[in-house]
Amino acid sequence: MQWNTSADFAPLVLFLGGRHKRRIVRTLRDAAEVLMVDWPFEDGEEYVVAVKACADAIIGQIGMDELREMLLSAAREAGMGVLTVIPDSRKTTPHMAA
């Protein structure tokens, strides 16, 4: 698995807290770093699932689409705002966590 390539990962912008605290996730490495370094909470069921999914993606057991969905679920659980980019339709869709 290539850590630094973005071909298989549709980008996400995660709003981590303060007004200017955001992180763009384009690669597996970005996902791992945001989960392990930047995540505002280290608990929550969806967070734990996302960390496991990241580890599984690193060893090739799941694909980038699955990891991306787990990351989105964890962001919703944490109450983060997320901006998703859907490359197939070239639309930008804001998703605000409930």
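Refer to the preceding data block for the structure.
Note that the structure is predicted; figures quoted are calculated from it, not measured.

What counts, and where the lines are drawn
- Residues numbered from 1 in each chain as written.
- Predicted model: local features only at pLDDT ≥ 70, side-chain atom pairs only at ≥ 80, totals over all residues.
- Heavy atoms only, no water.
- Helix = DSSP H or I, 4+ residues; strand = E, 2+ residues; numbered from the N terminus.
- Expected span 1.5 Å × (residues − 1).
- Buried < 20%, exposed > 50% of the residue type's maximum accessible area, 1.4 Å probe, protein only.
- Contact = heavy atoms within 4.5 Å.
- Axes fitted to C-alpha atoms, helices over the stretch in contact; angles between N-to-C directions.
- Parallel < 35°, antiparallel > 145°, perpendicular 65-115°, else oblique.
- Left-handed = near helix turned anticlockwise from the far one by under 90°.
- Nonpolar A, V, L, I, M, F, W, Y, C, P; charged D, E, K, R; others polar.

## Looking at helix 2 (residues 45–58)
In this model, helix 2 (14 residues) spans 20 Å end to end at C-alpha, consistent with the 20 Å of a helix rising 1.5 Å per residue. Listed in full, the buried residues belonging to helix 2 are Y47, A50, A53, C54, D56 and A57. Packing partners of the buried residues in helix 2 comprise helix 1 (28–38) and helix 3 (64–77). Directly beyond the C-terminal end of helix 2, a positive phi value near 85° is found at G60.

## Things to note about the packing of helix 1 against helix 3
Interhelical geometry of helix 1 versus helix 3 gives an angle of 25° and a closest axis separation of 11 Å. As judged from the angle between their axes, helix 1 and helix 3 are roughly parallel. In this structure, helix 1 crosses over helix 3, and the sense of that crossing is left-handed. Note on element contacts: helix 3 touches helix 1 through M64, L67 and L71, opposite L28, A31, V34 and L35. Residues belonging to the contact of helix 1 with helix 3 are distributed by class as follows: seven nonpolar, no polar and no charged.

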